[in-house]
Amino acid sequence: MIENPAEFRRELEKLNPHWLTGMPVEAEAFPVPRDELDALHGDRELGKVSVVTGPRRAGKTVLLRHLVARLIEEGADPRNLLYVSLDNRRLAMMCDDLVRDAEDLWSEGIASDGPRFLLLDEVHLLDGWYAGVKNLHDMEGDLKIYVSGSASLAIQVKAERFLRGRYVLHEVWPLDFRGFLKVVAGGLKGKAPPGDGLESDRQMRTLGQTFGRFLLVGGFPESKQVEENSRGFELLRNMVAQK
């Protein structure tokens, strides 16, 4: 039960700007998607729950946002895609069952006819998340569900126990150097992936500098937003400390 439906809806709208703009903010901030998007997108017609796991800051949330963008580009109604981060305490405080209540309000008052997509992020922060997901999967035949979380082993154990035969697992890790070039350095002048004709000295120097940055900050996509190496090292240290 939702305590204040109007306020609850406003909070959902903040998490789902694509309902109004047609495109997720994160997809614009990180315009180059990582390779894992193709496999995740390929699940859309399998009739199973897609479970995405991996370390903190590895890029799972941005991957989900890129999935939203691709589905919209293919013709999905933006209002038929609901993203909910289960670490949103404000939403959780306004209802009894965040997953069920959010899906009810969305499906009854926001979504239109046609395929619907529910994306649940940070599921490891909600006790019993698997029960709500299982019920929705079994009862809502036109609903495709994606879940993501950082407690990889715990999520996989729960999925195997409670969603056996109903889920597909995707593991997302920090980028390797090729992925770093594509996602983080992609679009910057002088940056090009190996095998794309790096003959000039300028390109080789740029590639060497980019590799040095990769060694410093690791393959975390968030480092794209950090220009100074000292701040990049601080970002990496904070990521490790938060795990």
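Here goes a summary of the coordinates provided.

Basis of the calculations
Residues numbered from 1 in each chain as written. Predicted model: local features only at pLDDT ≥ 70, side-chain atom pairs only at ≥ 80, totals over all residues. Heavy atoms only, no water. Salt bridge = Lys/Arg side-chain N within 4 Å of Asp/Glu carboxyl O. Helix = DSSP H or I, 4+ residues; strand = E, 2+ residues; numbered from the N terminus. Core = buried A, V, L, I, M, F, W, Y, C linked by side-chain atoms within 4.5 Å. Buried < 20%, exposed > 50% of the residue type's maximum accessible area, 1.4 Å probe, protein only. Contact = heavy atoms within 4.5 Å. Axes fitted to C-alpha atoms, helices over the stretch in contact; angles between N-to-C directions. Parallel < 35°, antiparallel > 145°, perpendicular 65-115°, else oblique. Left-handed = near helix turned anticlockwise from the far one by under 90°. Nonpolar A, V, L, I, M, F, W, Y, C, P; charged D, E, K, R; others polar. Pairing = 2+ DSSP bridges.

### A closer look at the pattern of salt bridges
Turning to step 1, where the next piece is worked out: Within this structure, the stated rule accounts for 18 salt bridges.
Turning to step 2, where the next piece is worked out: E74 is the salt-bridge partner of R44, the closest N and O atoms lying 3.8 Å from each other. Residue R44 is located in the loop between α4 (36–42) and β1 (49–53), and its partner E74 is located in the loop between α5 (60–73) and β2 (81–85); the two are separated by 30 residues in the primary sequence.
Turning to step 3, where the next piece is worked out: Each of R100, E103, D104, R116, E140 and D142 takes part in one network of salt bridges that share partners.

### Structural notes on the nonpolar core
Turning to step 1, where the next piece is worked out: Ranked by internal contacts, the top residues of the largest apolar core, which has 51 residues, are F8, L12, V84 and V147.
Turning to step 2, where the next piece is worked out: No other element matches α5, which puts 6 residues into this core.
Turning to step 3, where the next piece is worked out: Apart from the residues within four sequence positions on either side, F8 is in contact with I2, L91, M94, C95, L98, D101, A102 and L105.
Turning to step 4, where the next piece is worked out: Membership of the second largest hydrophobic core comes to 9 residues, among which are L175, L181, V183 and V184.

### Focus on the packing of helix α8 (residues 129–139) against helix α9 (residues 152–162)
Turning to step 1, where the next piece is worked out: Orientation of α8 relative to α9, taken along the N-to-C sense of each, is 40 degrees, at an axis distance of 10 Å. As summarised for this structure, α8 and α9 are arranged oblique, according to the angle between their axes. As for the relative orientation of α8 and α9, their crossing is right-handed in sense. Between α8 and α9, the residues in contact are W129, Y130 and K134 and I155, K158 and F162, respectively.
Turning to step 2, where the next piece is worked out: Looking at the contact of α8 with α9 residue by residue, the classes come out as 4 nonpolar, no polar and 2 charged.

### Topic: the sheet that holds strand β5 (residues 167–171)
Turning to step 1, where the next piece is worked out: Strand order in this open sheet of 5 strands is β2-β3-β4-β1-β5, and the pairing throughout is parallel. Since the sheet does not close on itself, it has two edges, and those belong to β2 and β5, each with one partner. Neighbour to neighbour, the strand axes of the sheet diverge by 15 degrees on average, direction disregarded.
Turning to step 2, where the next piece is worked out: Relative to strand β4 (residues 143–149), strand β3 (residues 116–121) runs parallel, the two being bridged by 5 bridges.

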